[in-house]
Amino acid sequence: MSPEQMLKSFPDQLDWEKNDTDLSTYRTITFCGMGGSGIVADIAKSWMEHRGCKIPMIVHKGYGLPNVVDGEEHLVVCISYSGNTEETLSAFSEALRRQATVVCISSGGKLGELAGSNGVLNLEVPQGFVPRFALGFMLSKLLCLLGIDREELEDARENLKSLYENIKNKGEEIAQKLYSYIPVIYSTPLTEAIAYRWKSQLNENAKTPAYTATLPEMHHNEVVGWENAELRNKLAFLVIFDPKDNDRVRARVDITIKLLKDLGAVPVVLGGDGNSYLSRMFHLIHVGDWVSYYLAGKYGFQPLPTETIDRIKREISKL
Ligand code: F6R
């Protein structure tokens, strides 16, 4: 499948299915996953927090598990598209050792096998994609596990479909502005996960360094770096926000834009388009996906291969 076909399939990957898991029985939820699978956890956690979930949630990107996970009242969700990522496999074994309740999301691989042999539920997603382009499949499984209503997921999908041409065009327009600069994506608490998705997509598809910082924290450090004009001129700034961000955060978004304009560094400013937080997140995610696709083209890169990641995985597996 071509990268374009994978990208285009995002709205259709968003599919609701019934899941009767009762989350109220858990004291914590820990989501484990790396890279294109880990971002699924970041997005789901933001969505859960926005809808008022009171269960403490942790996104764990690494080996083992946080200390708090201990026993069956702790839910651990291990997400690995390939099912072969060693950090996630390590979290899975540790979760079994600590007798946590475990659910996996994968297309198979070792994680799928281990889930099967240990009587653990594996919510299976289709094979044949690269992980970052299977976001919709993995996210649908996770959101359904977390209890999303059918209507909310389907509305968000239809919103994406209705904005489709606009999203692609926006992606191309922004890619043009980023070309030959290092993208720096500024976000808010409600768009932090999205900015990280943008960064990762720019890294992996467009083979471009990219960095993020989040409001309000960045108003206490990052902004001083702008005083270095020699380096500032190598950066292209983006500001991503959500209309439901805290009022003080929105005021800080406006100040950020004003200060950057005063420095002559006109930022690309983008708010999600949609009636729900989920719709707006999907909208922003998909604009970023297309930006990375068009930017790859401008640099003459194929979006799919990630040779450096593959090389590191090979080297570490020998140790
Ligand atoms: C590749 C990609 C990577 C992988 C990561 C973990 O498309 O996006 O970031 O997602 O190396 O691999 P999986 O997702 O198979 O656990």
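All figures in this text were calculated on a predicted structure; none of them were measured in a lab.

## Notes on the pattern of salt bridges
Throughout the structure, instances matching the rule amount to 19 salt bridges. Taking the shortest distance from any N to any O, the salt bridge between Arg 150 and Glu 154 comes out at 3.1 Å. Remark: Glu 154 and Arg 150 occur in helix α7 (residues 150-162); sequence separation between them is four residues, near one turn of the helix. Residue Asp 242 pairs with Arg 280 through a salt bridge whose shortest N-O separation is 2.8 Å. Linking Asp 242 in the loop between β8 (235-241) and α11 (247-262) with Arg 280 in helix α12 (residues 277-299), this pair joins segments that are 38 residues apart in sequence. Of the residues examined, Asp 242 reaches a relative accessible area of 1% and is grouped as buried. Ionic contacts of the salt-bridge type, sharing partners, join the residues Glu 4, Lys 8 and Lys 168 into one network.

## Regarding the domain arrangement of the protein chain
By a frequent convention, interface size equals the accessible area lost on bringing the separate parts together. In terms of domain boundaries, the protein chain breaks down into domain 1 (17-147) and domain 2 (161-299). For domain 1 versus domain 2, the separation of C-alpha centres amounts to 28 Å. On the domain 2 side, the residues contacting the 12 residues of domain 1 number 13 residues. Taken together, the two surfaces of domain 1 and domain 2 that pack against each other cover about 1200 Å², and 69% of this comes from carbon and sulfur.

## Quick notes on helix α5 (residues 109-117)
Inspection of α5 places Leu 111, Gly 112 and Ala 115 among the buried residues, and these make up the whole buried set. Projection of α5 onto a plane perpendicular to its axis shows the buried side chains occupying an angular sector of 100°, all on one side. Away from its buried face by more than 90 degrees, α5 exposes Glu 113, Gly 116 and Ser 117. Downstream of α5 by a residue or two, Gly 119 has a phi angle that is positive, lying close to 65°.

## A word on the sheet that holds β8
Pairing within the open sheet is parallel, and its four strands lie in the order β7-β6-β8-β9. Single-partner strands in this sheet number two, and they are β7 (211-214) and β9 (268-271). Taking the axes of each pair of neighbouring strands and ignoring which way they run, one obtains an average angle of 20° across the sheet. As paired elements, β8 and β9 share four bridges and run parallel to each other. Residue Ile 240 lies in a different strand from β9, and its bridge partner there is Leu 270. The sheet contacts of α12 involve β8 and β9, and relative to β9 the element is tilted by about 145°.

So, how was this worked out
- Residues numbered from 1 in each chain as written.
- Predicted model: local features only at pLDDT ≥ 70, side-chain atom pairs only at ≥ 80, totals over all residues.
- Heavy atoms only, no water.
- Salt bridge = Lys/Arg side-chain N within 4 Å of Asp/Glu carboxyl O.
- Helix = DSSP H or I, 4+ residues; strand = E, 2+ residues; numbered from the N terminus.
- Buried < 20%, exposed > 50% of the residue type's maximum accessible area, 1.4 Å probe, protein only.
- Domains from an automatic or database assignment.
- Contact = heavy atoms within 4.5 Å.
- Buried area = accessible area lost by both parts, 1.4 Å probe.
- Arc of directions from axis to C-beta.
- Pairing = 2+ DSSP bridges.
- Axes fitted to C-alpha atoms, helices over the stretch in contact; angles between N-to-C directions.

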